[in-house]
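Remarks on the overall topology
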Amino acid sequence: MVTSRPKAGSRYSTPEGAQRLRAELDALWLVERPAVTKAVAEAAAMGDRSENAEYIYGKRRLREIDRRVRFLRGRLDGMKIVSEAPPDRGRVFFGAWVTIEDAGGDRRRHRIVGPDEFDREPGYVSMDAPLGRALLGKRIGNEVEVRLPAGATTVEITAIDYE
């Protein structure tokens, strides 16, 4: 099932994230939509449309597909694809892998990515998320307070990597 996001978020993406959106758009527009359109046409030819479940479901699915296609086209239009590391590799920017340590000594490694790709891999965090926003622009050794729904927590940046 395809779902749309209520808020668009930042317009940045890695090349892989943008490719994933393009692949979803192509699959919806070139494969799924024509198949559903054909099924709706066949269901419509069966007669009474008011009680035809295949027709009603197909029309609903076409609306979902069209809504998602509009969203994807809007996201891809004007998207800034970031494929190179910044000149200052000592600061956290989009695309960085950041290792953080909490007060208990637990270390985690996160990659700062766009809002359309944080769910792609474990450890990916959106630049629009509280942790992503808190880390952007910081350096190794900086202590960062992250405000989460469960409360504020402080982490220290122990490593920044762009590989």
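Above this text is the structure in question.
Keep in mind it's a predicted model, so treat the numbers as computed, not measured. (Residues numbered from 1 in each chain as written. Predicted model: local features only at pLDDT ≥ 70, side-chain atom pairs only at ≥ 80, totals over all residues. Heavy atoms only, no water.)

1. Section: the packing of aromatic side chains
All chains considered together, the criterion is met by two aromatic pairs. Measuring from centroid to centroid gives 5.9 Å for Tyr12 and Phe94, while their planes differ by 40°, and the two rings are tilted. Here Tyr12 is found in strand β1 (residues 12-13), whereas its partner Phe94 is found in the loop between β2 (80-81) and β3 (97-102), with 82 residues between them in sequence. Given a relative accessible area of 33%, Tyr12 falls into the partly exposed group. A ring pair is formed by Trp97 and Tyr124, whose centres lie 5.7 Å apart and whose planes are at 70°; its orientation type is edge-to-face. Note that Trp97 is positioned in strand β3 and Tyr124 in strand β5 (residues 124-126), a separation of 27 residues in sequence. Judged by relative accessible area, Trp97 falls into the buried class, the value being 16%. In this arrangement the basic side chain of Arg73 is found over the ring face of Trp29, its NZ or CZ atom lying 4.6 Å from the centre. (Phe/Tyr/Trp six-rings, centres within 6.5 Å; stacked < 30°, edge-to-face > 60°. Helix = DSSP H or I, 4+ residues; strand = E, 2+ residues; numbered from the N terminus. Buried < 20%, exposed > 50% of the residue type's maximum accessible area, 1.4 Å probe, protein only. Lys NZ or Arg CZ within 6 Å of the ring centre and 35° of its normal.)

Take it as geometry only, folks, not as evidence of what the structure does.
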